[in-house]
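Remarks on the overall topology
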Amino acid sequence: MNNHEAIGFIDSGVGGLTVVKEALRQLPNERLIYLGDTARCPYGPRPAEQVVQFTWEMTNFLLEKNIKMLVIACNTATAVALEEIKAQLKIPVVGVILPGTRAALKATKNNRIGVIGTAGTIKSNAYEDALKGKAPNTFVSSLACPKFVPIVESNEYHSSVAKKIVSETLNPLQLKKLDTLILGCTHYPLLRPLIQNVMGNEVNLIDSGAETVSEVSMLLDYFDIANSPQHKNEPNEFYTTGSAKMFQAIANNWLDMETITVEQIRLASFKG
Ligand code: DGL
């Protein structure tokens, strides 16, 4: 079956582009529509109820565009809103936490896994619960890294300041004998070289977002809603609630594309 409808991606800002990058590679026939709520980023320090509310607002915007699947490309939103949104939508809804969990359990040899994420994700215990739910003997060390998202959103992720902040923040993880570290925030893959440098090459870094695309691919086949090459007529669409210029600068660089068109939109306060 051919399906011309798009897959929707939502995040608090540019972080979900790390998932889109992988989707462009693994699923080039699909049309993608992305919305980043940059104006209200970061979500990490916000109360759970507010993150749920904002996530609904983004979801409803994309539902208006007739998406065939929704990817919550944000760990903070997945942790608090996935179950509710999944229960209410008729289309498949995918979060980033379970795919990251599965990949980490597959990669670890010593059962010592670290999780880094926003304050909201770490406070929710979503990764720890998922890891221990599947493999109770796993040692899990979790750390909130609230300074990472602002570095990425301000396009400073290559700077020497970024290097210093990453090194100082990850310091407490260095003595934990971890062999696997989950990048439990979709913004963090942009800091990956700095994180790998601090943790050492022997530590497996798990990009939850990238792992999620394998699940998306599997679900497209399972529901028989994958697109075929000759039907990808319309371009991908990118929306932000913040500065289109800043979003575009980061997106062009990260996605390694000539130019993408980004439109600034306003979200209606509305709960599904
Ligand atoms: N990219 C998001 C995540 O995966 C959230 C970042 C934020 O807004 O704090 O958690």
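The text that follows walks through the structure, step by step, so that each part is easy to find. What you see is a predicted model; the values in this text were computed from it and never measured. (Residues numbered from 1 in each chain as written. Predicted model: local features only at pLDDT ≥ 70, side-chain atom pairs only at ≥ 80, totals over all residues. Heavy atoms only, no water.)

Quick look at the site of the ligand
In the neighbourhood of the ligand, 14 residues make up the surrounding shell, with Ser 12, Tyr 43, Asn 75, Thr 76 and His 187 lying closest. Here Asp 11 contributes a side-chain N or O atom positioned 2.9 Å from a nitrogen atom of the ligand. In this structure, a nitrogen atom belonging to the ligand sits 2.7 Å away from a side-chain N or O atom of His 187. Alone, the ligand offers 300 Å² of accessible surface; in the complex the protein occludes 99% of this. Taking a 2 Å distance to the grid points as the criterion, the majority of the atoms of the ligand fall inside the largest cavity. Split by residue class, the shell around the ligand holds six nonpolar, seven polar and one charged. (Near = heavy atom within 4 Å. Polar contact = N/O pair within 3.5 Å; in protein donor to acceptor, adjacent residues only side chain to side chain. Areas by Shrake-Rupley, 256 points an atom, 1.4 Å probe, with all protein chains shown as cover. 1 Å grid on protein atoms, 1.4 Å probe; cavity = no way out; pocket = protein on both sides within 12 Å on 5 of 7 lines; lining within 4 Å. Sits in = over half its atoms within 2 Å of the grid points. Nonpolar A, V, L, I, M, F, W, Y, C, P; charged D, E, K, R; others polar.)

Section: the layout of surface pockets
A volume near 320 Å³ is recorded for the largest pocket. Lining the largest pocket are 20 residues; nearest its centre among them are Thr 78, Leu 82, Glu 83, Lys 86 and Leu 98. Those elements that place two or more of their residues in the lining of the largest pocket are helix H3 (75-88), strand E4 (93-94), helix H4 (97-107), helix H6 (126-134) and helix H10 (208-222). Per element, the largest residue contribution to the lining of the largest pocket is seven residues, and it comes from H3. Grouping the constituent residues of the lining of the largest pocket by class yields 14 nonpolar, two polar and four charged. Taken as a whole, the second largest pocket spans an internal volume of roughly 160 Å³. Lining of the second largest pocket is provided by Gly 44, Pro 45, Arg 46, Pro 47, Ala 48, Val 51, Thr 76, Val 80, Ala 119, Gly 120, Lys 123 and Ser 124. Looking at the lining of the second largest pocket, the elements that each hand over two or more residues are helix H2 (48-63), H3 and helix H5 (119-124). Per-element tally for the lining of the second largest pocket: the top contributor is H5, with four residues. Across the lining of the second largest pocket, the residue classes tally to six nonpolar, four polar and two charged. (Points joined across faces, edges and corners; volume = space filled by probe spheres on them. Helix = DSSP H or I, 4+ residues; strand = E, 2+ residues; numbered from the N terminus.)

Without other data, these values stay purely geometric and don't point to any function.
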